[in-house]
Structures are given as C-alpha cells and as structure tokens.
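# Analysis of the macromolecular model
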Amino acid sequence: MAVCKKCRREMLEADSCTGNTLSSDGLDYARVRFGSEAQWSDPQWKALGIEQGDRCGDCGVSVGGLHHLDCDMEECPKCKGQLIECCGMHASGPHLVR
Ligand SMILES: [Zn+2]
Ligand SMILES: [Zn+2]
Ligand SMILES: [Zn+2]
C-alpha cells in the first residue's frame, strides 16, 4: 500500500487527491481529473470505456477525482502529455502549488 506524498492518504482509499492547480511560467492550469483526459476520445481508449465507479488503474482515485501525486495516468493540462514526464509541470516538482 502506498501513501500519497501530497494528500498523505492511502492512495487506494482516497477518492481524490488535493490541489486543483498546477502552475508553470506564472500561469495556472486546472489539473485534469480522472475520466476527463483527452485520450478518452482516442478510439483505442474509448473501446476500454470508463464508467462511474471506476478507479484509476494506477493511483486508485474515483472518476472525477484528482490523481494522486506521480500517477502515470495524469494528463498535463498544458501539453496533453503524460504529466510525470512532460513539459516541466511534473506534479512533484516546484510547479504543484495549490
Ligand atoms: Zn493524493
Ligand atoms: Zn491516477
Ligand atoms: Zn506538459
């Protein structure tokens, strides 16, 4: 079991993490919640489907929740890439402020 470094809760028990916003270069971006990722419109992802009550396969949050820190499913609100390895908005870096 893993405890989230951000909200300090057990990842598989908390429905959502805390911290709505990421900031980069002085601009704030609303974090992408589980189920709202752009990739769900990709046919391959769409085929997998996502339903109310599903939980993130990586960090365990519920649909509509904020991913826990360092989840590899979280999408970057700026470049739509994978947040943990994208444009510098890495969630555990200096950018996660709120
Ligand atoms: Zn968390
Ligand atoms: Zn997640
Ligand atoms: Zn990015």
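Because the structure is predicted, anything quoted here is derived from the model rather than measured. (Residues numbered from 1 in each chain as written. Chains lettered and ligands numbered in written order. Predicted model: local features only at pLDDT ≥ 70, side-chain atom pairs only at ≥ 80, totals over all residues.)

## Considerations on the overall build of the protein chain
The condition that has to hold: Segments assigned H or I by DSSP are reported as helices when at least four residues long, segments assigned E as strands when at least two residues long, and all are numbered from the N terminus. For every residue, the other C-beta atoms within 10 Å of its own C-beta are counted; 20 or more classify it as buried, 12 or fewer as exposed, and values in between as partly exposed. C-beta atoms are placed from the backbone. Contacts here follow a simple rule: the backbone-placed C-beta atoms of the two residues must lie within 7 Å.
Helix and strand counts for the protein chain stand at one helix and two strands. Among the 98 residues that make up the protein chain, the fraction classed as buried is 24%. Considering only contacts within the protein chain whose residues lie at least 6 apart along the sequence, 46% involve residues at least 24 apart.

## Some points on unusual backbone geometry
Phi at R8 takes a positive value of approximately 60 degrees, unusual for a residue other than glycine. Position of R8 relative to the elements: it lies in the segment before β1 (21-24). Look at D70: it is not a glycine, yet its phi comes out positive at around 70 degrees. Counting through the fold element by element, D70 comes out in the segment after α1 (43-48).

## A look at the nonpolar core
Keep this limit in mind: Defined on buried residues, the nonpolar core groups Ala, Val, Leu, Ile, Met, Phe, Trp, Tyr and Cys residues joined through C-beta atoms within 7 Å.
In this structure, C4, M11, A14, C17, F34, C56, C59, V61, L66, L69 and C71 together form the largest nonpolar core, which totals 11 residues. Among all residues touching V61, those that are not within four sequence positions of it are A14, D15, S16, C17, F34, R55, C56, L66, H67 and H68.

## Points about the pairing of β1
Selection criterion: Between any two strands, at least two bridges found by DSSP are needed for them to pair.
The pairing of β1 with strand β2 (residues 27-30) spans four bridges and is antiparallel. Bridge pairing in β2 places L22 opposite Y29. Between the antiparallel neighbours β1 and β2 lie two residues, among them D25 with a positive phi of about 50 degrees.

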